[in-house]
Amino acid sequence: MLLPNRFSTRFAPVCLLCILCLWARTGQAQQVPKAPQDTTQVPPPADSTRQTFDDRIMGNLQRISERKTIMGKLLKAILVFDRKDDTVYGMDAELIRQEYAKHNYKIVRRIDIVSLDAFGYSINDSTRKPQNILEKAGNSLHVKTGRGLIRNKLLFEKMEPLEPLALVESERLLRQTDYLLDARIIVNEETTTNDSVDVFVITKDIFTLGGSGSFTPSSGSGRISLRELNFLGQGHQFRTGYRFNLDRPRPWELSGSYRIENISKSYISADINYVNENYYKEKSAFLRRDFYATNTKYAGAVGVSYIDERLLLPSLPEDTVAQYGQLSYSRRDAWLGRSFKFKSYNLGYESKGRMIAAARVIDTRYGTTPTDNFQNNTLLLGSLGYSIRKYYKDRYLFGFGRTEDIPAGALLTITSGFEKGALTNRRYFGASTSLARYSKSFGYLYGSVNYGTFLRNSNREQGVLEVQSLYFTKLYEWQEWKLRHYIQGRATFGINRHPEELLSINNESGLRGFRSDRVRGSRRVTLNYEANLYTPLSLFGFRLAAVAFADVAWLSTGNKSSPFKETPYRGYGLGVRLRNEYLAFSTIQFLVSYYPRLPVNEDRSFKTFGSSRSYYDFTDFRFSSPGVADFR
């Protein structure tokens, strides 16, 4: 949560940018060039009654740009007037497309890879080139993704048979990387023969060097973060953050991470994390390989972590401030999984369903504990799951016009295990199921149920029941304006949880922008609504959307009390969202919210806050490691 005076420094440029956006038309960096025009003469204005508002504004700016003034030269340098919206094909098609079936098991004779710079180029129009000084300057500071790195992502190789799903799965994997905006894999039909194919792979980068910061003049505190998602075009990722002049026991905090993705085309990634904050410290290192594609056979991970944190304790009637206890532990973690596909008699396609078996070992050793409810233990888990995964393509979901992959399908998992503890032993049982459907005319609907509990002498303890749902509507369009609604419901019920295990409704857990250390409970129900209006306004590639939201959260204490017997907490808000899909910067949101009910001694009902992430996200139907159901 950020205070208003903090935003006077951090968001002043953003507010100015929002005003300037009202003077620019969309598509500055995603359009197709028209035939050259004679710029020596000013074209006569068209009938204004037939022009949209932004067309008239753009026409006026174009006439100003042709003057020999400083303002005219500035507008000509930063704006492009002869572009129109990019035409993207196949957005309503399932990724497993029928036209690829005829190429299955043909020999891949040649693979041509084209890597495009971040600014000025189009993945759908090969004639597009950078046209202004900003695009050219941005590309000069950017190192394009290496062809070898792109080749390592492909699920097919030169002079090898082309397996079913290899083309579409490779395209999706490329598009989901942090350093690529979009990707297309195309079969050259002109050179295709009965037994061989040539393949084009086209990718478009984002500008991966980025950062952010904030400063509060009244206290002198601030934050600086830097990130590089594709160091020297080789896919190495660095992230670091530093906070200073804090009103805490120690005035500074530091965090950093380093990631190497897809080592030697093995799809094994290495992660190293370091966090040194006042109330949370972490050192961890992992090697991991996920079920990254629908036809992946093996997945697993191995790693170690050291955690030291302050744990919120249950409040007593006489407490006026939140009480914390110290918790520190080390953990060694390893798991391995194997997927099995069902036999298919259709040579054009593989079966979408997969049966997965996996086992996991977690060894935890505690150093400092706030209560007696923590014991050194070794947890053995085994899972059996069934997954059906397929993907669709669409736009204006969580991005601002880029191609996005929508996961649909089903996942069913059953987990059983045994915890060997220093004091007592327990068994564990858990089950989860999730399902999602998508169509362009209906929208997207997702639902899941997750249950897990430890069993000691037939008594359940540290159990949890969680239900989630997410629905977003189809995209409503009026010329260049687009609207989509999001509705999310979540319920989490603790079953005989320990007293120090509590739920909050802070930010992503319930009410966005809300934060209180004293509002905690063991059972929680939340409803979230959001409307996103994507505008045609753009400047320097930054797209603008208007946001309205309404959140409701019910929270109760005790393992048997109903949350609906309590007065709900509510939050309402309006704001704007800015994003440049060509940069590694996170989405910037500036929201003003109102909370009718606040905890005692909290007298500021209106709050202004910022966020750098979307409140909603897709849940993939990828089988993950066996684990204990989360209670958070």
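Up top is the structure.
All of these numbers come straight from a predicted model, not from anything done at the bench.

1. Considering the pairing of strand β12 (residues 298–312)
Along any regular strand, the residues point their side chains to alternate faces of the sheet.
Item 1. By the bridge criterion, 10 bridges tie strand β11 (residues 280–289) to β12 in an arrangement that is antiparallel. Following the sheet pairing, K283 is matched in β12 by Y306.
Item 2. Relative to strand β13 (residues 324–341), β12 is paired through 15 bridges, and the arrangement is antiparallel. Note on β13: the bridge partner recorded for L312 is Y324.

2. Section: the nonpolar core
A general feature of soluble globular proteins is that nonpolar side chains tend to end up buried together.
Item 1. Core analysis: the biggest nonpolar cluster contains 22 residues, and I406, Y444 and F618 have the highest contact counts within it.
Item 2. Secondary-structure elements contributing two or more residues to this core are β16 (404–421), β17 (425–439), β18 (443–456) and β19 (459–472).
Item 3. Filtering out sequence-adjacent residues up to four positions away, Y444 remains in contact with I406, P407, A436, R437, Y438, L470, Y471, F472, F618 and T619.
Item 4. Counting residues in each nonpolar core, the second largest holds 19 residues, with I111, F156, L162 and Y179 among its members.

3. Concerning helix α5 (residues 133–140)
Item 1. Every buried residue belonging to α5 is among E135, G138 and N139, and all of these are buried. Down the axis of α5, the sector holding all buried residues measures 95 degrees, keeping them to one side. Opposite the buried face of α5, by more than 90 degrees, sit the exposed residues I133, K136 and S140.

4. With respect to the environment of R456
Item 1. Within the secondary structure, R456 sits in strand β18.
Item 2. On a C-alpha basis, the gap between R456 and N425 in space is 7.4 Å, while along the polypeptide they are 31 residues apart.
Item 3. Ignoring anything within four residues of it in the chain, the contact list for R456 reads T424, N425, R426 and E461.
Item 4. In terms of polar contacts, R456 uses its side chain to reach the side chain of T424, at 2.9 Å.
Item 5. Of the polar contacts made by the side chain of R456, one reaches the side chain of E461; its length is 3.1 Å.

5. Considerations on a nonpolar patch on the surface
Item 1. A contiguous nonpolar surface patch, about 520 Å² in accessible area, is contributed by I224, L226, Y242, W252, L254 and Y274.
Item 2. Tracing the sequence through the fold places W252 in the loop between β8 (236–244) and β9 (253–260).
Item 3. Exposure remark for W252: the relative accessible area of 31% places this residue in the partly exposed category.

6. Description of the sheet that holds strand β4 (residues 180–187)
Item 1. If you trace the 3 strands from one edge of the open sheet to the other, you get β3-β5-β4, paired in mixed fashion. What marks the edges here is a single partner per strand, and that holds for β3 (107–116) and β4. Between one strand and the next, the sheet's axes are offset by a mean angle of 15 degrees, whatever the strand orientation.
Item 2. Two strands pair when backbone bridges link them, and β3 and strand β5 (residues 196–205) are joined in this way by 9 bridges, in the parallel orientation. If you follow S115 over to β5, its bridge partner there is T203.

7. Observations regarding the pattern of salt bridges
Item 1. Taken as a whole and judged by the stated rule, the model has 29 salt bridges.
Item 2. Linking D620 and R622 is a salt bridge whose minimum nitrogen-to-oxygen distance equals 3.8 Å.
Item 3. Under the relative-accessibility criterion, R622 is labelled partly exposed at 25%.

8. Some thoughts on the side chain of R484
Item 1. In this structure, R484 sits in strand β21 (residues 481–495).
Item 2. It is D394 that comes nearest to the buried, bridge-free R484 among opposite-charge side chains, at 4.3 Å.
Item 3. A polar atom in the side chain of R484 sits 3.1 Å from the backbone oxygen of R395.
Item 4. In this structure the side chain of R484 is engaged in a polar contact, spanning 2.7 Å, whose partner is the backbone oxygen of T473.
Item 5. Contacts of R484, omitting those with residues within four sequence positions, involve D394, R395, Y396, L397, F472, T473, K474, L475, E530, A531 and N532.

9. Considering the environment of P568
Item 1. Looking at the secondary structure, you find P568 in the loop between β23 (542–556) and β24 (569–579).
Item 2. Taking the C-alpha atoms as reference, P568 lies 9.3 Å from T526; in sequence the two are 42 residues apart.
Item 3. The residues touching P568, leaving out its near neighbours within four places in the chain, are V552, A553, W554 and R597.

10. Focus: a positive patch on the surface
Item 1. Where like charges cluster on the molecular surface, the positive patch consists of K144, R147, R151 and K158.
Item 2. Within the secondary structure, R151 is located in helix α6 (residues 147–153).
Item 3. The class for R151 is partly exposed, based on a relative accessible area of 35%.

11. Thoughts on the pairing of β11
Item 1. Of the pairings in the sheet, the one linking strand β10 (residues 269–276) to β11 comprises 8 bridges and is antiparallel in character. Counterpart to S269 in the pairing with β11 is R288.
Item 2. Counted along the chain from β10 to the antiparallel partner β11, the turn is 3 residues long.

12. As for the environment of R109
Item 1. Here R109 shows up in strand β3.
Item 2. Between the alpha carbons of R109 and P161 there is a distance of 9.4 Å; along the sequence they are 52 residues apart.
Item 3. Excluding its chain neighbours within four sequence positions, the residues that come into contact with R109 are K158, M159, T191, T193, S196, V197 and D198.
Item 4. Only 3.0 Å separates the side chain of R109 from the side chain of D198, close enough to count as a polar contact.

13. What to know about unusual backbone geometry
Excluding glycine, residues mostly have negative phi values, and the peptide bonds linking residues are mostly trans.
Item 1. The phi angle at M159 is positive, at roughly 65 degrees, despite the residue not being glycine.
Item 2. Position of M159 relative to the elements: it lies in the loop between α6 and α7 (166–175).

14. Thoughts on the packing of aromatic side chains
Item 1. Taken as a whole, this structure holds 19 aromatic pairs when the rule is applied.
Item 2. Seen in terms of ring centroids, Y444 and F472 are 5.1 Å apart; in terms of plane orientation they differ by 15 degrees. Their pairing is stacked. Of this pair, Y444 sits in strand β18 while F472 sits in strand β19, and the two are 28 residues apart along the sequence.
Item 3. On the accessibility criterion, F472 (0% relative accessible area) is buried.
Item 4. Centre to centre, the rings of F514 and Y569 are 5.9 Å apart; their planes meet at 55 degrees, and the pair counts as tilted. Residue F514 is located in the loop between β21 and β22 (523–539), and its partner Y569 is located in strand β24; the two are separated by 55 residues in the primary sequence. Y569 shares its class with F514; the two are buried.
Item 5. A cation over a ring is seen here: R310 above Y324, with NZ or CZ 4.0 Å from the ring centre.
Item 6. Across the ring face of F631, the terminal group of R497 is positioned such that the distance to the ring centre comes to 4.2 Å.

Cut-offs applied
Numbering of residues starts from 1 in each chain and follows the order in which that chain's sequence is written. Under the rules for a predicted model, residues below a pLDDT of 70 receive no local features and side-chain atom pairs below 80 are neither given nor counted, while totals for whole chains, interfaces and linings still include all residues. Values shown for side chains rest on all heavy atoms present in the structure; no hydrogens or waters enter the calculation. Should DSSP find at least two bridges between two strands, the strands are regarded as paired. Only DSSP runs of H or I with at least four residues qualify as helices, and only runs of E with at least two residues qualify as strands; both kinds are numbered from the N terminus onward. What is meant by a nonpolar core is a set of buried Ala, Val, Leu, Ile, Met, Phe, Trp, Tyr and Cys residues, joined one to another through side-chain atoms within 4.5 Å. Only protein chains enter the accessibility calculation, which uses a 1.4 Å probe; a residue is then buried when its area is under 20% of its type maximum, exposed when over 50%, and partly exposed in between. It only takes one pair of heavy atoms within 4.5 Å for two residues to be counted as in contact. What the arc covers is the set of directions going from the helix axis to the C-beta atoms. Think of a polar contact as two N or O atoms within 3.5 Å of one another; within protein, one of them needs to be a possible hydrogen donor and the other a possible acceptor, and neighboring residues in sequence only count if both atoms come from side chains. Only residues whose relative accessible area exceeds 30% and that form no salt bridge enter a patch; like-charged residues are grouped when within 9 Å of one another, and nonpolar side chains (Val, Leu, Ile, Met, Phe, Trp, Tyr) when within 5 Å. Note on areas: these come from Shrake-Rupley sampling with a 1.4 Å probe, and a residue is covered only by the protein chains present in the view. Any Lys or Arg side-chain nitrogen found within 4 Å of a carboxyl oxygen on Asp or Glu counts as a salt bridge. Under this scheme, a helix contributes an axis fitted over its contacting stretch, all axes are lines through C-alpha atoms, and angles between N-to-C directions fall in the 0 to 180 degree range. The sign given to each residue is positive for Lys and Arg and negative for Asp and Glu; His and the chain ends receive no count. One atom stands in for each charge, and that atom is NZ of Lys, CZ of Arg, CG of Asp or CD of Glu. Under the pairing criterion, centres of Phe, Tyr and Trp rings, with the six-membered ring standing for Trp, must be within 6.5 Å; the plane angle then separates stacked pairs below 30 degrees from edge-to-face pairs above 60, leaving the rest tilted. Either the NZ atom of lysine or the CZ atom of arginine qualifies as a charge over a ring when it sits within 6 Å of the ring centre and within 35 degrees of the ring normal.

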